[in-house]
Amino acid sequence: MSHPIVETNSGPVRGTTHDGHSRFAGIPFAAPPVGALRFMPPTPVAPWSEVLNAEHLGPIVPQMPSMMDAALAPGAPHSVQDEATSLTLNIWTPHLDGSRPVMVWIHGGAFLNGAGSLPVYDGTKLAEQGDVVVVTINYRLAVFGFLHLADLGGEAFRGSGLAGSLDQVAALQWVSENIANFGGDPSNVTVFGESAGAMSICTLLGLPAAQGLFQKAITQSGGANFCTSAEDATLNAKLIMEHAGVTTVEELQALPVQSLLDAQISLMSGGRLDMPFTPVIDNDMLPDAPLVGVRKGLGDVKLLTGSNHDEFALFALMDPRVASITREEILEEASKTLGSSAEAMLSAYESARPEATMTDILIAYMTDQMFRLPVIRMAEAQAAQGRAAWMYWFTWASPAFGGILKSAHALEIPFVFDNLDAFEMLIGTGDDRQGLVDLMQPAWVRFAHDGNPGWDAYTEETRSTMRFDSTDAGVVNDPLGSEREMWAGRA
């Protein structure tokens, strides 16, 4: 093992090289967001002259405990949280010379949890097998990254409701300026992410500050529908201040980290199921909902997008109430979105699945509402702009937990990174796993290299979709089309 030193525009960094492949970890891309910089858009990191040790993964951003992260990193040591030193990125590269495609991963976690350093996101195999440079990043979450304070604290706090998104922009700017020294091509950057990471990418597509920083995007199980109006975000900010026991934004800015996390926990107590912290529509920074921005011409990139057959099964597993849910309860939930049309929609799902339980019906309905239809809407918007878009559909069913997960949310991630062991709790140990890696990872890599994953682009006429499964893979046109049509004008 050797320890190469690479120059960046902030100072030299020292990583590790093993068998010719190098990793550089915990490189700061923005100034510590503490003190007067808490809640603020990121600012440049102060340069250094001594060699920075980038041999070890750094701290993660402050966050609440998460059942999801426990599943994503079973057996991994608890990561240190540090507000001051967590805006960092990690790089895996096959060689320090040359000019390879760059793949920048934005992690998920409902804008509440997660880190680019989780074991399932280790970029070693993806970089080596795909001949790409892989970058994973941290960004501020929840109350630290998406607390809209401009209407309470004045112009000085403009952009606070987008701080986490602007962290992502800062990381991409760092990549643009420095990745060539790590063997990457700054003119061939693909951002990819899952869940809130995919939603983040959709936000970047509609965010003026992010335009031109990447040429391709892969959004896994996340659309452009998760953002918050300034009015609703201000109400959440007021509640956080009440729970924190402060009356001014300046007092909130001065609180200890744990006090802010406690206020966040209080806000989300009582079984709250929505996502109170998402990117905020904020004047000229994010002037429209991301999908509206794309329809107006922003987001001029190639897009690969898709979802999993049973996304909501993961959340159902975590909520014991779902196993005994009644039709009346599902109808009540659906009415919040569909109003008087809820009964007809629910009946249609039941007719299409005559043997299904009420839990199965809920999973199918919520999967479409939260994931599949928003993904389709983004592909439609891109295609309508004359931009290339491709669709995938992940239908492989996990044998874990007796098969109850089916093709649940997040299950495709280890097949992209080829980190199966890191995800064994959720995907089991079946013999078909590596074959699915050999189908999925090359498609992602082809897209990063050439801008085409290997099947026909998505159009509203054909709706060509690549199905990823160990036994029934291949292109299908408009899968579950009758249910897609039921949502016309609604999602």
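Refer to the structure above for everything that follows.
Residues numbered from 1 in each chain as written. Predicted model: local features only at pLDDT ≥ 70, side-chain atom pairs only at ≥ 80, totals over all residues. Heavy atoms only, no water.

Draft legend 1. Structural detail: the nonpolar core. Judged by nonpolar contacts, the single largest core of 145 residues is most densely connected at Ile91, Val135, Phe214, Leu252, Trp444 and Phe468. The element best represented in this core is helix H14 (residues 358-384), accounting for eleven residues. Beyond its immediate chain neighbours, meaning those up to four positions away, Leu252 contacts Arg38, Phe39, Leu147, Leu149, Ile240, Met241, Ala244, Val246 and Leu260. Counting residues in each nonpolar core, the second largest holds five residues, with Ile376, Ala379, Met391 and Tyr458 among its members. (Core = buried A, V, L, I, M, F, W, Y, C linked by side-chain atoms within 4.5 Å. Buried < 20%, exposed > 50% of the residue type's maximum accessible area, 1.4 Å probe, protein only. Helix = DSSP H or I, 4+ residues; strand = E, 2+ residues; numbered from the N terminus. Contact = heavy atoms within 4.5 Å.)

Draft legend 2. Representation of the sheet that holds strand E6 (residues 88-93). Within the open sheet, the eleven strands sit side by side as E3-E4-E6-E8-E7-E9-E10-E11-E12-E13-E14. Their pairing is mixed. At either end of the open sheet lies a strand with only one pairing partner, and these are strand E3 (16-18) and strand E14 (474-477). Geometrically, the sheet is characterised by an average inter-axis angle of 20° between neighbouring strands, direction not taken into account. Taken together, the four bridges between strand E12 (residues 389-394) and strand E13 (residues 464-468) define a ladder with parallel strand orientation. Within the sheet, the bridge partner assigned to Met391 lies in E13 and is Thr465. Strands strand E4 (21-28), E6, strand E7 (100-106), strand E8 (133-137) and strand E9 (184-194) of the sheet are contacted by helix H5 (residues 163-178), whose axis makes an angle of about 165° with E7. On top of the sheet, helix H17 (residues 433-450) reaches E7, E9, strand E10 (216-220), strand E11 (302-308), E12 and E13; it is set at about 150° to E10, its chief contact. (Pairing = 2+ DSSP bridges. Axes fitted to C-alpha atoms, helices over the stretch in contact; angles between N-to-C directions.)

Draft legend 3. Here's a closer look at the packing of aromatic side chains. Overall, the coordinates contain 20 aromatic pairs when judged by the stated rule. On the numbers, 5.1 Å between centres and 90° between planes, the contact of Trp105 with Phe417 is edge-to-face. Highlighted residues: Trp105 in strand E7 and Phe417 in helix H15 (residues 413-417), separated in sequence by 312 residues. Note on Phe417: relative accessible area 0%, which makes it buried. An aromatic cluster is defined as three or more aromatic residues linked by ring pairs; in this entry it consists of Trp105, Tyr121, Phe192 and Phe417. When the ring centre of Phe39 is taken as origin, the NZ or CZ atom of Arg38, which lies over that ring, is 6.0 Å away. (Phe/Tyr/Trp six-rings, centres within 6.5 Å; stacked < 30°, edge-to-face > 60°. Lys NZ or Arg CZ within 6 Å of the ring centre and 35° of its normal.)

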